[in-house]
Amino acid sequence: KAPIHIVGGGLAGSEAAWQAAQAGVPVVLHEMRPHRGTEAHRTDGLAELVCSNSFRSDDAETSAIGLLHAEMRRLGSLIMTCADAHQVPAGGALAVDREGFSAAVTAALAAHPLIEVRREEITGLPPVDWESVILATGPLTSPPLAEAIKALTGEADLAFFDAIAPIVHRDSIDMDVAWFQSRYDKAGPGGSGADYINCPLDRDQYEAFIDGLLAGDKTPFKDWEAATPYFDGCLPIEVMAERGRQTLRHGPMKPFGLTNPHNPTVKAYAIVQLRQDNKLGTLFNMVGFQTKLKHAEQIRLFRTIPGLEGAEFARLGGLHRNTFLNSPKLLDGVLRLKVDPRLRFAGQITGCEGYVESAAIGGLAGRFAAAERLGDAAAPPPPPTTAHGALLNHITGGHIETIDAGPRSFQPMNVNFGLFPPLAGPTRNEQGERLRGPAKSIAKKRALCGRALSDFDGWRAGAFKAAAE
Ligand code: FAD
């Protein structure tokens, strides 16, 4: 069989290579280090962890990332096997000895009889005689390849920075304070005239919020990120506040065209708007609120906004160097580029975020590509009720382009329960008592995890039958 060519031996590329080879298909893995480095990598090891050494929570009963760990272990993930073997104490989190972990991944791939590792940079689109390719070159894809991808996808659909506004779980917003309404009740294509959630601030609350922004602890840019282009309406809110205390009231916090039904006679001094972020309607993003404030500071400050006192964040705001595709538009349901299906993408470049998520999407890409090579073209993607499926759905189809969201509204995301189809979950405990507050939320998470693992096993049994035979 002709091999699958995988470009990039990071978290995604390593897992993709392993899964494809374990399915019985030969792989050539092209990694540019040590000949060419990136601004963040320090070694020539495969699957190098460029920053923290944590894979986050390992709790598969109430955490979405722990659930993803569990599903990956069930797929025989190389990344999870090596992480488990090189674990260091970290409470409920899975943290690893980064050198031991990377060395184990590198050794396992080098020893696999179906995998050849080539140390070379791919500087343009892969040659046409590579029939099956997975591009897993990550957030720091080398410039010549990034330029070639941009030429293929178009300028607007390959971003080099993410400018992320915080995303809030819809069911944590207090709708006795906030309300649904579009500015001037305007209904754009597909809109109802009541598409936004609005949170009102009076003058004192606004002034206190601006003070908090100006005083707040910010994450500095890394040296190589310092040339961050503040363009595209992506100015961080704290930079806007520095330009003048009223600037936000004339930008993302403007109060015009909106009437508070809870208090119709009093005009709000400023309003924060949240816009639906996924098709399920479980997540809403804070419009125009990209920020470099430190995470703890964001939580503290944003919870001072009326209606968001109990807000749970699916992700916090940020601004980073990050190469990623507008995947919902460009990729099909099995991660192939629609305009050139021989090219698949995997890892952070597809718009997932995090070591584990990148590896999980790499694993799926490897399995999809292998199934195709084995003549099983119809290998189905995992159902969206699983952590793998929820993440895949975020990348390839779950995101919505709302009225004025613009071409770049798709932003990378960690796996979280807001990406799963909702499930009511139990309302009473075993003693028949009504569940409330945190106990209710935990019961719901347990139900989501239980459904996910059972659906994942069902999918795995069907999807890999052909490969196993
Ligand atoms: P990578 O792991 O970066 O792998 C891509 C590989 O492709 C690299 O080995 C690179 O050398 C190679 N490559 C690039 N271009 C070419 C080419 N043209 N030819 C051949 N090879 C090429 N996530 C977390 O969960 N925790 C963190 O603490 C964390 N910190 C981060 C810090 C920084 C500075 C950055 C940029 C990202 C961070 N992330 C973090 C996000 C993300 O999880 C990691 O970047 C993750 O490594 C992404 O996996 P990947 O496989 O998609 O890319």
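Calculation criteria
- Residues numbered from 1 in each chain as written.
- Predicted model: local features only at pLDDT ≥ 70, side-chain atom pairs only at ≥ 80, totals over all residues.
- Heavy atoms only, no water.
- Pairing = 2+ DSSP bridges.
- Helix = DSSP H or I, 4+ residues; strand = E, 2+ residues; numbered from the N terminus.
- Axes fitted to C-alpha atoms, helices over the stretch in contact; angles between N-to-C directions.
- Parallel < 35°, antiparallel > 145°, perpendicular 65-115°, else oblique.
- Left-handed = near helix turned anticlockwise from the far one by under 90°.
- Contact = heavy atoms within 4.5 Å.
- Nonpolar A, V, L, I, M, F, W, Y, C, P; charged D, E, K, R; others polar.
- Phe/Tyr/Trp six-rings, centres within 6.5 Å; stacked < 30°, edge-to-face > 60°.
- Buried < 20%, exposed > 50% of the residue type's maximum accessible area, 1.4 Å probe, protein only.

With respect to the sheet that holds strand β13 (residues 283–286)
For sheets, the rule is that strands pair by backbone hydrogen bonds, running either parallel or antiparallel.
Stage number 1. Spatial strand order, β10-β11-β12-β13-β9-β14: 6 strands in an open sheet with antiparallel pairing. Unpaired on one side and paired on the other, β10 (179–180) and β14 (313–315) mark the two borders of the sheet.
Stage number 2. Judged from the 3 bridges that link them, strand β12 (residues 270–276) and β13 form a sheet pairing that is antiparallel. Each bridged residue has a counterpart across the sheet, and for Q276 the counterpart in β13 is F284.

Considerations on the packing of helix α3 (residues 78–85) against helix α4 (residues 98–111)
Stage number 1. In contact at an axis separation of 9 Å, α3 and α4 are set at 135° when each is read in the N-to-C sense. When the axes of α3 and α4 are compared, the pair comes out oblique. Seen from above, α3 lies across α4 with right-handed handedness. Taking contact as the criterion, the partners of L78, I79, C82 and A83 in α3 are, on α4, F101, A104, V105, A108 and L109.
Stage number 2. The residue inventory of the contact of α3 with α4, partitioned by class, reads 9 nonpolar, no polar and no charged.

Digging into the packing of aromatic side chains
Stage number 1. Going through the model one piece at a time under the given rule, you end up with 11 aromatic pairs.
Stage number 2. Ring centres of F209 and F289 lie 6.2 Å apart, and the angle between their planes is 40°; on these two criteria the pair is classed as tilted. A residue pair is termed long-range when its members are at least 10 positions apart, and F209 in helix α6 (residues 203–215) and F289 in the loop between β13 and α8 (295–302) qualify at 80 residues. In terms of burial, F209 and F289 fall into one category: buried.
Stage number 3. Counting every residue linked through ring pairs, the aromatic cluster contains F209, F289, F302 and F313.

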